[in-house]
Amino acid sequence: MSAVQSYPIQLVAEIVQGQFFGFGHHIITSLSIDSRSLQLPEESLFFALVGKRHNGHSYIKDLYQRGVRAFVVSEQEAIQLDNYPEAAFICVEDSLVALQKLAENHRMNFSYPVIAITGSNGKTIVKEWLYQLLNESYSIVRSPKSYNSQVGVPLSVWNMNKEADLAIFEAGISQVGEMQKLANIIRPSFGIFTHLGEAHRENFANEEQKLDEKLKLFASCQSIAYCADQANVHESITRLYGAQKELISWARNQKVDLQVVSVQTNKNQTLVRARYKNKEREVSFPFTDKASIENAITCWLCLLNLAVADQTIRKAFLQLEPIAMRLEIKEGTGNCTLINDYYNSDLGSLEIALDLMNQQQKEKSKTLILSDIFQSGYTNAQLYQAIAKLLQQKKITRLIGIGEGISSQAKRFTCPASFYRSTEVFLADLNRNQFKNETILIKGARNFHFERISNALQYKAHQTVLEVNLNAMVHNLNYFRSLLRPSTKMVVMVKAFSYGSGSSEIANLLQYHRVDYLAVAIADEGVELRNSGINIPIMVMNPEPHSFDTMIEYHLEPEIYNHAICLEFEKALKRNGVKGYPIHIKLDTGMHRLGFVQQDIELLLQRIVNNDHFLIASVFSHLAGADEELHDEFTAQQIELFTQWSEQIRTQFPYPIIRHVLNSAGIERFPQAQFEMVRLGIGLYGVSSLHQRELMNVSSLKTTISQIKEISKECTVGYGRKGRLKSDTRIGVIPIGYADGFNRRLGNGLGKVLVNGQFAPVVGNVCMDMSMIDLTNINAKEGDSVLIFGDHYPVTQLAEQLGTIPYEILTTISRRVKRIYFQE
């Protein structure tokens, strides 16, 4: 495919200034930092990165078994040549620094132009649009998706090769000192600054410091492009670089290089007129939102600076495609899972989408529906040979290729495959019954209109949906992990349909991110997870004797909370001929729900000590008021009692027993009581009692306006004629009711929903399947989206209106509400 430069392993050791050990004849073409996504293991160099909550050295054994033979490590004890006789190790002080050094050295082999983009917002959009606009004129290397971090940038630069003649990279930072490292790696010749926003402001003394830090990226540039309408950006760039570099800018209200004269929006298109080098010019593009307009003008300025002809620019801008910043995961027909990524198609984004596909349910077969890939810079033979190799590496079960190009290369694919000349031909031939128990990735260029394929294959539910942001969930998981000691384990609560978010999808994500335990309420929930391919330990918090045989069959670990349950589970183990089965002892230190109290412990020990049917995996308790400061004294008492009682139990056994008492609020407020494990619940889903700003919203409940009616004030609305009007009213009907989880108490003005940025009160009683809202002063039409709760109207506020807690709202969302999962 591309002319990848190969490096002898000993040359890598010299470049990163490391000490070499082991077998010395490996040739490196690929870099890896994540054991979960691995290509060409025999040619890969794995960097064992160490962070607050991860240590890459832990995965060396697994990687060696999978064929990796070259490692960069910072822990001397990881070098075990007796255990890994064919391996090569490079020992350095810091594996991340070594990765950056290698990328910096690799960058020096190429002299073609490099564009670097930074700013608070718009980096990925500008990069991808420049790729679309310039791809016919250049062979371009660019950052995959939003690879712009201390790790992402060196991995991006590693992709530079001799066949390319232009590189486009983005760079992002979150604290002082980071940008200089990225600047040394990228060494750009042309810089673009997009926009200065609020992100990561807390890590800088002031806005000026943050801006100056970002601008360090441009030290090697000959030219810098930016919008001069942001006065502080214009001032800082001029101050730092005005005397030594070519500064090119655009603005609306100033005389600059590209002076915008007018911006006209019409339906789905924008026309921009501007003056550049004393000549009126114009460009149109298929976007109307403010951010897209600004990003498009920035791209226009860059193309003008590159002396691209006006006619070429106008044609290219009309063909601009939206950048899919997220992949959607939906329920399909025939127990299938659909992954929608049909707004762009190139090799880099295909690989990322395939990696997401491999996170899903492992036991399902994997089908890829793929369109032609345009403007790749390679011949069809080269392109589809590379794709065939990628599908083989990712273990794709079946390929459905759509388009003239991919169909012409059918012989290159080794997996079962079928090919169609167009989307229309495929849909005409479609038999939904041929898709059963599969994960289906739908990946295509925009002009193939693969949304029609998605609509044909998705499970048909009504228009009320719960969107679940998997990136936000991972962010929240990592936030709570950052509060823990490296040795502290974590059990994550996925009971009650994962707080309404969907059990198997969330459990798959958590398993992928290596949580230690999952916890469910009842055995049926655990069985569902096992059937979905979840293999990590699962605790059952409310076990019932009738399900014990099933629990043993599916290796679900029960909470043992009284003598009767303990006796019944022992009988079940004997009945099944099982010994050494893990159980979890629950102590009641003050919650006064389930659990052994102090006077029960002696009898409990008589039953479980020297009983070879049981293995005590953990002892735990539940805090009653960890989220409220007024109960801190009581919480401290609970923790003290738990320490004493758990120690009384642990000393009776020759093996270590895990202890856990902290819930989400406890993790934030009582870090001294982490013991060996903690339990993360509502915090994963974006709710905090202490640091709400640190968390991201995970779930958004949305519906649409089905119908709008003009109702006179003499009329009433809804059942019982409770919706009495004070004036003529514009009523909107939305397809959500109490059967969906929209609480009936929200009727008659107590509740409100968000429509086009404005709140619309609920009118009349909430019905089973529908509700009515007042749209009198809101610019809305039928089909517009309605937010019940989400990013701009948090579930915590809705809970306050109802006098309840977010748990209740999230867990009462009906299963008939379709869950849609998305991930960047």
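Criteria and cut-off values
- Residues numbered from 1 in each chain as written.
- Predicted model: local features only at pLDDT ≥ 70, side-chain atom pairs only at ≥ 80, totals over all residues.
- Heavy atoms only, no water.
- Helix = DSSP H or I, 4+ residues; strand = E, 2+ residues; numbered from the N terminus.
- Rg over C-alpha atoms; globule rule 2.2 N^0.38 Å.
- Buried < 20%, exposed > 50% of the residue type's maximum accessible area, 1.4 Å probe, protein only.
- Contact = heavy atoms within 4.5 Å.
- Areas by Shrake-Rupley, 256 points an atom, 1.4 Å probe, with all protein chains shown as cover.
- Lys, Arg positive; Asp, Glu negative; His and termini not counted.
- Charge placed at Lys NZ, Arg CZ, Asp CG, Glu CD.
- Patch = residues over 30% accessible without salt bridge, like charges linked within 9 Å, V, L, I, M, F, W, Y side chains within 5 Å.
- Salt bridge = Lys/Arg side-chain N within 4 Å of Asp/Glu carboxyl O.
- Polar contact = N/O pair within 3.5 Å; in protein donor to acceptor, adjacent residues only side chain to side chain.
- Pairing = 2+ DSSP bridges.
- Axes fitted to C-alpha atoms, helices over the stretch in contact; angles between N-to-C directions.

Quick word on the overall build of the protein
Tallying secondary structure elements over the protein gives 26 helices and 41 strands in all. Relative to the compact-globule value of 28 Å for 824 residues, the protein shows a C-alpha radius of gyration of 29 Å, a close match. C-alpha extents for the protein along the principal axes are approximately 90 × 90 × 60 Å. In the protein, which comprises 824 residues, the proportion classed as buried is 57%. Excluding contacts between residues fewer than 6 apart, the proportion of contacts in the protein whose partners are at least 24 apart in sequence is 66%. As displayed, the protein has an accessible area near 35300 Å², and 47% of this comes from carbon and sulfur atoms. Side-chain charges in the protein split into 84 positive and 86 negative, and the spacing between the mean points of these groups amounts to 4 Å.

What about a positive patch on the surface?
Taken together, R721, K722, R724 and R744 make up a surface patch of like positive charges. If you trace the backbone, R724 turns up in strand β35 (residues 723-724). Judged by relative accessible area, which is 61%, R724 ranks as exposed.

Observations regarding the pattern of salt bridges
Under the counting rule described, the total for this entry stands at 35 salt bridges. Here R650 ties to E676 by a salt bridge, and the two come within 3.9 Å at their closest N and O atoms. With R650 in helix α23 (residues 632-650) and E676 in the loop between α24 (664-669) and β31 (677-680), this residue pair connects regions lying 26 residues apart in the sequence.

Some words on the side chain of S700
Note that S700 resides in strand β32 (residues 699-704). Judged by relative accessible area, which is 9%, S700 ranks as buried. At 3.3 Å, the side chain of S700 and the side chain of N697 are in polar contact. When neighbours within four sequence positions are excluded, S700 is seen to be in contact with V465, L466, E467, L787, F789, G790 and D791.

A word on the sheet that holds strand β7 (residues 88-91)
With mixed pairing, the 5 strands of this open sheet are ordered in space as β2-β7-β6-β5-β4. Edge positions in the open sheet fall to β2 (19-22) and β4 (30-32), since each of these has one partner strand only. Neighbour-to-neighbour, the strand axes of this sheet turn through a mean angle of 20 degrees, independent of strand direction. Bridge count between strand β5 (residues 44-47) and strand β6 (residues 70-73): 3 bridges; the pairing is parallel. Looking across to β6, one finds that L45 is bridged to A70.

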